[in-house]
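# Report on the structure
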Amino acid sequence: MNRRILSIVLEEYAEKRVSARSEAERKKKKLYNDIPALEKIDIDISSCGFKLMKASLDESEDYDSALERIKAETIELREKRKKLLAENNLPENVCEPVYSCKNCNDTGYKDGKMCDCLRKAVAILSYKESGLGTALTAQTFDNFNLSYYLAGNDSEVFERMTNLYADAKAYANNFCGKGNLLMIGGTGLGKTHLSTSIAKTVIEKGYTVVYESAQKIFDIFEDKKFGRTPDADTEKFGNADLLIVDDLGTEHITQFTVSVLYNLINERCNNSKAMIISTNLTPEELKNTYKPRIFSRLLGEFKFMPFHGKDIRLQKLGE
């Protein structure tokens, strides 16, 4: 679980608890004003606790007898309270805080375990910070349609893509912060869909993901280097548990962009941090476009995932 994101969410939970308790106090004051007898009963119930503490310290009184007497008094007061609230068409918990999650009362934890609501809140914030936005819900493993790879009744392509899909899903399900993928293939073959599906699964496992196009990454580094955006966050590309670089090869290639790419790949490989790169370039084009040391890193550190088939976008247009 990403500690920074978890810390942000837990701060929000603390604010929600304070807000719920403040609202409960406001409602209680109004109820006491409207029904004075209710306040009197609540004060008497609270005093029973003090009476019990006093009895435990008073050696002149039999504690067991006092306990039974105070217990009976508390039961009687609670019954009076219940009846009074019923007469006013109010629930018994009318003065209690109303939390957004009844399971954990907005603490994020239940019986020492993380509540589902907290996991969901952390995932939602992680989605926002990943750079993928709505794509995380629109493109998942569940709606990745392998039937498009049967276009032209090409069973060989279908088999290859079925295996590639299984490999991508296994990578996501078994993700532990390591392992690199190089997705290669023409446009419209599902590279973005599968990388987004991986990102969603990895985020839900509690890891941080940063997803950006190659051009955007290089622009951010360039803007920071030349002072156009001195506060640009370039560290996230090195720190994220999984970095996904989309459309490598479509950027304006310069000595600077090649240097940034090499340093990024080198840093993450040296630190055993996971990376996914997608590109429309062939292995030969990658070798010719970038320096040999970059291609050597890709060849040695990344699992090649070649995408085959016919452009799915064009197939959808023809439906």
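The preceding data block contains the structure.
Residues numbered from 1 in each chain as written. Predicted model: local features only at pLDDT ≥ 70, side-chain atom pairs only at ≥ 80, totals over all residues. Heavy atoms only, no water.

### Overview of the packing of aromatic side chains
One pair of aromatic rings is described through two measures. These are the centre distance and the angle between the planes. Test applied: Stacked, tilted and edge-to-face are the three classes applied to pairs of Phe, Tyr and Trp rings, where Trp contributes its six-membered ring and a pair requires centres within 6.5 Å; stacked means planes under 30 degrees apart, edge-to-face means over 60, and tilted covers the rest. Strands are runs of DSSP state E lasting at least 2 residues, helices are runs of H or I lasting at least 4, and numbering of each runs from the N terminus. Each residue gets one of three labels from its accessible area relative to the maximum for its type: buried under 20%, exposed over 50%, partly exposed in between, using a 1.4 Å probe on protein chains only. Our definition puts a charge over a ring when NZ of Lys or CZ of Arg is within 6 Å of the ring centre and also within 35 degrees of the ring normal.
In total, this model carries 7 aromatic pairs according to the counting rule given. Relative to Tyr 165, the ring of Phe 141 lies with its centre 5.8 Å away and its plane at 80°, an arrangement referred to as edge-to-face. On the criterion of sequence distance, the pair formed by Phe 141 in the loop between helix 5 (135-138) and helix 6 (155-173) and Tyr 165 in helix 6 is long-range, its members being 24 residues apart. Residues Phe 141 and Tyr 165 agree in their burial class; the two are buried. Geometrically, the ring pair formed by Phe 226 and Phe 256 is tilted, given 6.1 Å between the ring centres and 50° between the ring planes. With Phe 226 in the loop between helix 8 (214-225) and helix 9 (236-239) and Phe 256 in helix 10 (residues 255-270), this pair connects stretches of sequence that are 30 residues apart. Members of the aromatic cluster, connected to one another through ring pairs, are Phe 141, Phe 144, Tyr 149 and Tyr 165. Sitting above the plane of the Tyr 13 ring, Lys 16 keeps its charged end 4.2 Å from the centroid. Note that Lys 225 overlies the ring of Phe 226, its terminal NZ or CZ placed 5.8 Å from the centroid.

### Thoughts on the pairing of strand 5 (residues 242-248)
Convention followed: Here the rule is simple: two strands pair whenever DSSP picks up at least two bridges between them. When the strands point away from the viewer, a crossover counts as right-handed if the path from the first strand over the helix to the second runs clockwise.
In terms of residue burial, strand 5 counts as a mostly covered element, since 6 of its 7 residues are buried. Across 5 bridges, strand 4 (residues 209-213) lies against strand 5 in parallel orientation. Across the sheet, Tyr 211 pairs through a bridge with Ile 244, a residue of strand 5. Bridge analysis of strand 5 against strand 6 (residues 274-279) gives 5 bridges, and the strand direction is parallel. Pairing of Leu 248 across the sheet is with Thr 279, part of strand 6. Between strand 5 and its parallel partner strand 6, the chain crosses via helix 10, and the hand of that crossover is right-handed.

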